[in-house]
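Remarks on the overall topology
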Amino acid sequence: YPTVSLSKARDKAAGIAGAVQEGRDPIAERRKGREKQTTFRECAEAFIEANKAGWRNEKHAAQWTSTLEKWAYPKIGGELVASIDRNAIEAVLTQPVAAADDEPLWIARHETATRVRQRIEKVLDYATARKFRTGENPAGRGVLEMILPAVPKAVRKAKHHAALPYAEAPAFMAALRERAGTAARALEFLILTAARSGEVRLADWSEIDFERALWTIPEERMKAGREHTVPLSRAALAILSAIPKAERTGLIFPGSKPDKAQSDMTLAAVLKRMKRDDITVHGFRSTFRDWAGETTSHPRDVIEHALAHGLKDKTEAAYARGSQLEKRKRLMDDWVKYLDRPAASADVVSINGARCST
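Residues numbered from 1 in each chain as written. Predicted model: local features only at pLDDT ≥ 70, side-chain atom pairs only at ≥ 80, totals over all residues. Heavy atoms only, no water.

Focus on empty space enclosed by the protein
Our working definition: Cavity: a set of points on a 1 Å grid over the protein atoms alone where a 1.4 Å probe fits but cannot get out. Pocket: an open set with protein on both sides within 12 Å along at least five of seven lines, its lining residues, like those of a cavity, having an atom within 4 Å of a point. Grid points are joined across faces, edges and corners, and a volume is the space filled by probe spheres set on the points. Polar here means any residue outside two lists: the nonpolar Ala, Val, Leu, Ile, Met, Phe, Trp, Tyr, Cys and Pro, and the charged Asp, Glu, Lys and Arg; Gly therefore counts as polar.
Taken as a whole and judged by the stated rule, the model has 1 cavity of 30 Å³ or more. By volume, the largest cavity is sized at about 40 Å³. Forming the walls of the largest cavity are Thr-193, Ala-194, Ala-195, Arg-196, Glu-199, Ile-217, His-228, Val-230, Arg-285, Ala-306, Leu-307 and Ala-308. Residue classes in the lining of the largest cavity are distributed as 7 nonpolar, 2 polar and 3 charged.

Some thoughts on the sheet that holds strand E3 (residues 208-209)
Formally: Pairing between two strands is assigned when DSSP locates at least 2 bridges connecting them. The numbering of helices and of strands both runs from the N terminus, where a helix is a DSSP run of H or I of at least 4 residues and a strand a run of E of at least 2. What makes two residues a contact is simply this: any of their non-hydrogen atoms within 4.5 Å. With axes taken as lines fitted to C-alpha atoms, and helix axes fitted only over the stretch in contact, angles between N-to-C directions fall between 0 and 180 degrees.
On the basis of which strands lie adjacent, the open sheet formed by 3 strands has the order E3-E4-E5 and antiparallel pairing. Both edges of this open sheet fall to E3 and strand E5 (228-231), since each of them pairs with a single strand only. As paired strands, E3 and strand E4 (residues 214-217) are joined by 2 bridges and run antiparallel to one another. For Ile-208, the partnering residue across the bridge sits in E4 and is Trp-215. Together, E4 and E5 form the strand contacts of helix H18 (residues 325-339), whose direction differs from that of E5 by roughly 45 degrees.

Quick notes on the environment of Lys-52
Following the sequence through the fold, Lys-52 ends up in the loop between helix H3 (40-51) and helix H4 (58-77). Note: C-alpha distance between Lys-52 and Trp-64 (12 residues apart in sequence) is 9.7 Å.

Digging into unusual backbone geometry
The residue Lys-131 is not glycine, and still its phi comes out positive at about 65 degrees. Unusually for a residue other than glycine, Lys-275 sits at a positive phi of about 60 degrees.

Section: the confidence of the model for the protein chain
For clarity, the threshold we go by: Confidence scores labelled pLDDT are given residue by residue by the predictor and lie between 0 and 100.
With 85% of its residues at a pLDDT of 70 or more, the protein chain has an overall mean of 83. This stretch, residues 154-158, has a pLDDT under 50; its non-local contacts, to residues over four places away or in other chains, come to 4 contacts. Of the regions scoring below 50 in pLDDT, residues 311-320 engages in 11 contacts with residues more than four places distant in sequence or in other chains.

Section: H3
Worth spelling out the cut-off: Here the expected length of a helix is defined as 1.5 Å per residue gap, with one fewer gap than residues. For every residue, the accessible area (1.4 Å probe, protein chains only) is compared with the maximum for its type, and the residue is labelled buried under 20%, exposed over 50%, or partly exposed between those bounds. When we speak of the arc, we mean the arc of directions from the helix axis to the C-beta atoms.
Relative to the 16 Å expected for 12 residues at 1.5 Å per residue, H3 spans 16 Å between its end C-alpha atoms, a close match to the ideal helical length. Those residues of H3 that sit buried are Phe-40, Cys-43, Ala-44, Phe-47 and Ile-48. Buried residues along H3 cover an arc of 135 degrees about the axis, so they all sit on one side. Opposite the buried face of H3, at more than 90 degrees from it, the exposed residues are Glu-49 and Ala-50. On the buried face of H3, the contacting elements are H4 and helix H7 (110-129).

Overview of the pattern of salt bridges
Heads up, the condition is: The term salt bridge refers to a side-chain nitrogen of Lys or Arg lying within 4 Å of a carboxyl oxygen of Asp or Glu.
Considering all chains together, one arrives at 15 salt bridges under this definition. Residues Asp-278 and Arg-276 are paired through a salt bridge, measuring 3.0 Å at the closest nitrogen-oxygen approach. Measuring nitrogen to oxygen at the nearest pair gives 2.6 Å for the salt bridge that ties Glu-304 to Arg-289. Taken together, the residues span a long stretch of sequence, with Glu-304 in helix H16 (residues 300-306) and Arg-289 in helix H15 (residues 283-295) at a distance of 15 residues. It is possible to trace a salt-bridge network through shared partners that takes in Arg-177, Arg-185, Glu-188, Arg-234 and Asp-340.

Some points on the side chain of Arg-133
Defined as follows: The charge count includes Lys and Arg as positive and Asp and Glu as negative, but it does not include His or the ends of the chains.
Inspection of the secondary structure assignment puts Arg-133 in the loop between H7 and helix H8 (141-144). Within the buried set, Arg-133 has no salt-bridge partner at all; the shortest N-O distance to an opposite charge, 7.5 Å, is to Asp-125.

Some points on the nonpolar core
How we decide: Buried Ala, Val, Leu, Ile, Met, Phe, Trp, Tyr and Cys residues that are joined via side-chain atoms within 4.5 Å together make up what is termed a nonpolar core.
In this structure, Phe-172, Leu-187, Ile-191, Trp-215 and Phe-288 are the most contacted members of the largest nonpolar core, which totals 55 residues. Contributions of two or more residues to this core are made by helix H10 (169-176), helix H11 (182-193), E4, helix H13 (234-241), helix H14 (264-273), H15, H16 and H18. Per-element tally for this core: the top contributor is H11, with 8 residues. Apart from residues lying up to four places away in sequence, Ile-191 is in contact with Phe-172, Met-173, Leu-176, Phe-284, Trp-335 and Leu-339. Formed by 33 residues, the second largest nonpolar core is a distinct cluster that contains Leu-68, Ala-72, Ala-88 and Leu-124.

Right, here's the structure in full:
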């Protein structure tokens, strides 16, 4: 009222009463009408919105969105969620990974395909819970395993990120330091700290303790979900100290706007401009790990803790959390000394052919 007059309201009430007398359920009929209008994309977006508050960080929600936008929405995004069947899911998982490539996603990128299937399955479970669809979930693993080909274990293995051989690291760092720009300094800082891209790109000045030379990354930005403290070497501190004090608020390495973080592609673009398409940003962690494991006497647990890798042994892990900071400081200092070497002396081959550090 006043949009609906009293007489119209009475007519509508009489119609509902008549439906009940005929044995029909007006509420179920109204719900069924909504089901017919809900697309997979609408349902997926509602699921993400409903669950993102409970996820570890915003990056997880972004990964959900990007995965579905790339692989699911082009195929089934506009389909009514109530009508999606096994054939629709199969079409998503067997689509070619590139226009000029006949190899299906399920084979070419099995890990990605598995993640896509799992996320579609959760969205359809949500749709069922919200009464947008009924029946078996066509994205369930048991439903699909009989129609999708088995993937050899060799194909299932995740591909390692292409890494720079540690013997080339000093020369690479010398070339990187010749480049100007925030992205180049962020990449240099990443290499010096052996941190992940997201940890560096979202690094905030509030996390830096200049007096103690420490960078404390909060748990919500860590892959393992635990706060991680990084000892800052003189070279890492020099990068931070070069930034004027008046600019030391918010993001340390901002993007095009002060409050906007750089994208992972921005760091990768530095490598591209250096004509190093053969390596990746994440691969520098492997460079550090190979150098530390093959050329130094630093204990394995110290190296793993520097990389924020979880230790399988619980007793060892508890000990590492409480006593490794000073040891990790020495490790990071040695890493800087290695990177600062003239390229010719960074890697020496002994007479018997064994590689050693000088």
